[in-house]
Amino acid sequence: MPMKVGNESFNNRVGEGIQNTFMRSAVSGAQDRLETNRQLATEELGNWEEWRSLGEEIRQHVLANLDYYLTQLSEQVAARGGHVFFAATAEEAQVYIADVANKKQAKKIVKSKSMVTEEIDLNHYLEEHVGCRVIETDLGEYILQLDNDLPSHIVAPALHRKKEQVQESFQHHHQYEGTERPEELTKHARKMLRDDYLTADIGITGCNFAVAETGSVCIVTNEGNADLSTALPKTQITVMGMERLVPTFEELEVLVNMLTRSAVGQKLPSYVTVLSGPRQEGDVDGPEEFHLVIVDNGRSEILGSEFQAILQCIRCGACANICPVYRHVGGHSYGSIYSGPVGAVLSPLLGGYDEYKELPFASTLCGACTDVCPVKIPLHELLHKHRQTIVEKEGRAPVSERFLMSIFGIGSSSSGMYKFGSKVASSVLKPLTKNDQLSKGIGPLKNWTDIREFPAPKKERFRDWFENRQKGDD
Amino acid sequence: MVGTIQNRETFIRQLSSRLQRSSIPTHVERPQWRYTPQHKTLQNLSQDELLGVLQKQCTRINTNCVVTSTADLATTLEKIIVDYNGGPIMTWQDERFDTYGLTALFSDTLPKKQIELHTWDPTIGKDNITLVEKANIGITISDITLAESGTAVLFSNPNHGRTVSFLPTKSIILMPKSSIVPRMTQAAVQIRERLQKGETLASCVNFISGPSNSADIEMILVVGVHGPMYMTYIIIDDL
């Protein structure tokens, strides 16, 4: 599976995540900061619920008319001299992009961070079939790429890396002689990448939102890497998930604002760049040739299904930043480039239940994700739907009830999921407990705890307690 | 030149079928959205109040913000250039620099001080990139300025190279006070109005809010990554 990351089993990944203390403190620190910033940025508006309703309505309108808006988008891109390729599968997208790169005899490609190109495993394909270097230009991705490491967060991919590790990596690959200070490390990356932008043959980007009315693609960054990746190379290839578009600039504005507030608490990031086709006649910079690759890769199967709402997602990561399970197991545990609650819903849909059947169970169904989602995706309900499908239709996850029970400290028999659940339950719910009682429920649990207190999961697992008790009897 | 579209028919047909219809609708009207909070944000503020919002936001995005009269603009700009250690400087080619009274500064004062200044010139093609890449300072003009987010909106064209705001180490953006609007909402409306009047959309529209930055290493904020490391907005009181 292209979107799959790592080869470890789910339980091993979770075990590694929980044991990695640096990762855990980095994740919880990042979660706290990003979530606090998100709260401030949304509260500041004073009417965030209205914004969420608007965001939801725009996304639902686009999905209900996706055939119309994608047709309009492609007409407009072509009218401006751009080329549009509709790719039904990851393979079709890979082959088309490799073909363009081969025609351009590309030796070097600069790429700005994009989830969909990870999903279609583009870098490896290009390295293998075109023989060119593909350089990730987002600082976090750049660091990970040097050591073939994997992203662990949608907006902060190198969250699990220490600055000393980054320093070592630069020393090893670039004979870097500076300190571990982030300023100095960043300056080094700036210098290295500046040369790459100027000499690259092709720039590849993702697309936060396309604008149907004008045939534009919008890319947001704080680093400015997407701008340099598209302003300097002669050819630009933008890859977008087919659902990532809006009707006009007016809806673009709303969603970009909601994206950056929800992702990092910014009113706008340093760069919101709207690119329309190749450079216009007389322009000196910007690409001479522009290709837009629109990827389905399993999305159309979600359209019109009971999971359609997940296509509303604008990839802000707010759901991961509040998720108690993500906090304790980290991004790598999901085994997919899409982590957190959105990943637990989306990965099984795009990658199949064979690979990702455990993910919908790696959730407390607390509903915090649903509460923060800027476009009102009912994430915990979709997770529950997955569980129903897996148990009722697929008949292959006899762990759901036990897992749920174990989360609430009730449960008996042994299973991998039981161990997982009981391993994390106590720490997951810790922030909400007082005197061993769950008194501050969130999401659906809130209605319950508002009336009565819920017994908090014991730190001592039932099995440990049972074993100790047996020892005592002896 | 019109571009190509490949594989569209089967792709779109699959979507229509998932949406349970036999063909694509010929026209889709955008609905009247039930909520429009974007128009309520910062509404009914005077131009001075919007300027206040912009100035406050600049303190949050590591951006130096200076307000000056048209008469004092040349002096103010010269001071900032000197503070930024002078040239080489790259500017857009734009008549507004003359309108703002900067002709003497650009063609006389700065050269006399041995401060190298180049103007973007489409006739020299790629040499512009060589010049702008070496530039210490890039100077551009904001067409629409967003108070809420502290944002300059730059439109590319043959005389407005996109790289003038990306490649130099420092960036100075001139912002007429009259260009300040509450937020991105008004910019989106303005852009659509211009298109409806028959204007062609710039190949690159850039909403820039402060210098480039990253927190990718241990979530510690570093200002200055791929784009400019320092940024100054000069608000020209043109009202």
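Anything mentioned here points back to the structure above.
Conventions we followed
- Residues numbered from 1 in each chain as written.
- Chains lettered and ligands numbered in written order.
- Predicted model: local features only at pLDDT ≥ 70, side-chain atom pairs only at ≥ 80, totals over all residues.
- Helix = DSSP H or I, 4+ residues; strand = E, 2+ residues; numbered from the N terminus.
- Buried ≥ 20, exposed ≤ 12 C-beta atoms within 10 Å, placed from the backbone.
- Contact = placed C-beta atoms within 7 Å.
- Axes fitted to C-alpha atoms, helices over the stretch in contact; angles between N-to-C directions.
- Left-handed = near helix turned anticlockwise from the far one by under 90°.
- Parallel < 35°, antiparallel > 145°, perpendicular 65-115°, else oblique.
- Pairing = 2+ DSSP bridges.
- Core = buried A, V, L, I, M, F, W, Y, C linked by C-beta atoms within 7 Å.
- Arc of directions from axis to C-beta.

Overview of the overall build of chain B
Secondary structure assignment for chain B yields 7 helices and 13 strands. Its C-alpha atoms give chain B principal-axis dimensions of about 70 × 45 × 45 Å. When the 239 residues of chain B are sorted by exposure, 46% land in the buried category. For chain B, contacts bridging at least 24 residues in sequence account for 80% of all contacts bridging at least 6.

Some points on the overall build of chain A
Check the secondary structure of chain A and you find 23 helices and 13 strands. Looking at chain A as a whole, 59% of its 474 residues are labelled buried. Taking the intrachain contacts of chain A between residues at least 6 apart in sequence as the baseline, contacts between residues at least 24 apart amount to 73%.

Overview of the packing of helix α9 (residues 163-174) of chain A against helix α10 (residues 182-199) of chain A
Residues and elements named next belong to chain A. Axis separation between α9 and α10 bottoms out at 10 Å; the angle between their running directions is 35°. Crossing of α9 over α10 shows left-handed handedness. Contacts between α9 and α10 involve K163, V166, Q167, F170 and H174 from the former and P182, L185, H188 and M192 from the latter.

Things to note about the packing of helix α3 (residues 48-64) of chain A against helix α12 (residues 249-264) of chain A
Residue and element names in this part refer to chain A. Look at α3 against α12: their axes get within 10 Å of each other, and the N-to-C directions meet at 125°. Of the possible angle classes, the one that applies to α3 and α12 is oblique. Both α3 and α12 take part in a crossing whose hand is left-handed. Of the residues in α12, those touching α3 at W51, L54, G55 and I58 are E251, V254, L255 and M258.

Notes on the interface of chain B and chain A
Listed as interface residues are 70 residues of chain B and, on the opposing side, 82 residues of chain A. Looking at the side of chain B that touches chain A, the elements with two or more residues in it are β1 (5-6), α1 (8-18), α6 (127-134), α7 (184-196), β10 (204-208) and β11 (213-214) of chain B. Ranked by the residues each element gives to the side of chain B that touches chain A, the list is headed by α1 of chain B, at 7 residues. Strand direction decides the pairing type here: strand β1 (residues 83-87) of chain A and β1 of chain B, joined by 2 bridges, are parallel. Counted as the bridge partner of F85 of chain A is Q6 of chain B from β1 of chain B.

Section: the nonpolar core
All names here are of chain A. With 201 residues, the main nonpolar core has I109, F209, L255, V293, I294, V295 and C319 as its most contacted residues. Residue contributions to this core peak at 9 residues, all from α12. Every residue in contact with F209, bar those within four places of it in the chain, is listed here: C218, R244, L245, V246, L252, L255 and V256.

Looking at α6 of chain B
All names here are of chain B. Residues N128, L131 and V132 constitute the buried set of α6. Projected down its long axis, α6 carries its buried residues within an arc of 95°, all on one side. Exposed residues pointing more than 90 degrees away from the buried face of α6 are listed as D127 and T130. Residues of α6 that are buried sit in contact with β3 (89-91), β4 (117-119) and β5 (137-141).

Side note on the environment of E75 of chain A
With respect to the element layout, E75 of chain A can be found in helix α4 (residues 66-79). Residues E75 of chain A and M3 of chain A lie 72 residues apart in sequence; the distance between their C-alpha atoms is 30 Å.

A few points about the sheet that holds strand β7 (residues 151-155) of chain B
The strand order across the open sheet formed by 8 strands is β8(A)-β5(A)-β6(A)-β9(A)-β10(B)-β7(B)-β6(B)-β9(B), and the pairing between neighbours is mixed. Lying at the two open borders of the sheet, with one neighbouring strand each, are β8 (245-246) of chain A together with β9 (180-181) of chain B. As judged from the 2 bridges shared by strand β6 (residues 144-146) of chain B and β9 of chain B, these two strands associate in the parallel manner. Pairing of L146 of chain B across the sheet is with V181 of chain B, part of β9 of chain B.

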